[in-house]
Amino acid sequence: MSLKTIVAVLTMTAAIPVFSQVVPSATNGGTQFKVGAGFSAYEGGLNNGRLKGGALWVDINSTRLPPFLHGWGLEAEARGVQVGQTSPDEQGAFRQATAGGGPMYTYLRFPRFHPYAKFVINYAGQSFNIGYKGYDFEKQIAYAPGGGLEYQVFPRLWARVDYEYQIWPNPFGNPNWFLDPEGITVGLAWDLKPLHRH
């Protein structure tokens, strides 16, 4: 199955219990900080297989904002992925690293399930081989819409499945082409300061 199909199936399977809940959770003033780490698997955008590695993230979500802004927050994340085996003559992406941040919206109606959407702006770098000697690294600003689902395993521990679609708008100095790495991250986040509920 394709990566998009797998992500869709996982998200729908995990979301079924969400829609079975009928009691909303209310929140009063507070700021939530989550620090997480996970395993990432990405398609590199240069058709040479799956890149694997790790990711770190920090989420900030506050209910001190006006009620119509509840659920809006910020995410900072860093990720590094690479292919397992390469040879000097193999073509494709060998390593990618990104670090950045941006806004996210978390749907807080359900106490233990939090679907979310995000838009991250990354400083991104990639090592590759496209057949040009002496040109094997690219760095630029990349944009990454994405989303996922968090599930509260314990009062302060959250499991997370995250999907991200990256857009590298000007790779290799070519304005008529772009890279589009995409992938999933599965991990755990520790809630340093939970939102207060009543």
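No experiment lies behind these values; they were computed from the predicted model shown.

A. Examining the pairing of strand 7 (residues 137–154) more closely. Where strand 6 (residues 113–129) meets strand 7, 15 bridges bridge the pair, whose relative direction is antiparallel. From the neighbouring strand, Y123 faces strand 7, where its bridge partner is I141. Pairing of strand 7 with strand 8 (residues 157–165), which is carried by eight bridges, proceeds in the antiparallel orientation. Bridge pairing in strand 8 places Y151 opposite A159. The antiparallel hairpin formed by strand 7 and strand 8 contains two residues in its connecting segment.

B. The arrangement of the side chain of Q126 in detail. Locating Q126 in the fold gives a position in strand 6. Here the side chain of Q126 touches Q96 through a polar contact of 2.4 Å, side chain to side chain.

C. Spatial organisation of empty space enclosed by the protein. Applying the stated criterion to the full structure yields three cavities of 30 Å³ or more. Here the largest cavity is characterised by a volume of approximately 60 Å³. Lining the largest cavity, in full, are Q32, K34, D59, N61, M104, T106 and E150. Going through the elements one at a time, strand 2 (31–43), strand 3 (50–62) and strand 5 (92–106) are the ones with two or more residues in the lining of the largest cavity. In this structure, the second largest cavity occupies an estimated 40 Å³ of space. What lines the second largest cavity is Y42, R79, G80, V81, Q96, A97, T98 and Q166. Secondary structure elements with two or more residues in the lining of the second largest cavity: strand 4 (72–82) and strand 5.

Calculation notes
- Residues numbered from 1 in each chain as written.
- Predicted model: local features only at pLDDT ≥ 70, side-chain atom pairs only at ≥ 80, totals over all residues.
- Heavy atoms only, no water.
- Pairing = 2+ DSSP bridges.
- Helix = DSSP H or I, 4+ residues; strand = E, 2+ residues; numbered from the N terminus.
- Polar contact = N/O pair within 3.5 Å; in protein donor to acceptor, adjacent residues only side chain to side chain.
- 1 Å grid on protein atoms, 1.4 Å probe; cavity = no way out; pocket = protein on both sides within 12 Å on 5 of 7 lines; lining within 4 Å.
- Points joined across faces, edges and corners; volume = space filled by probe spheres on them.

Shape descriptors only; they carry no functional weight alone.
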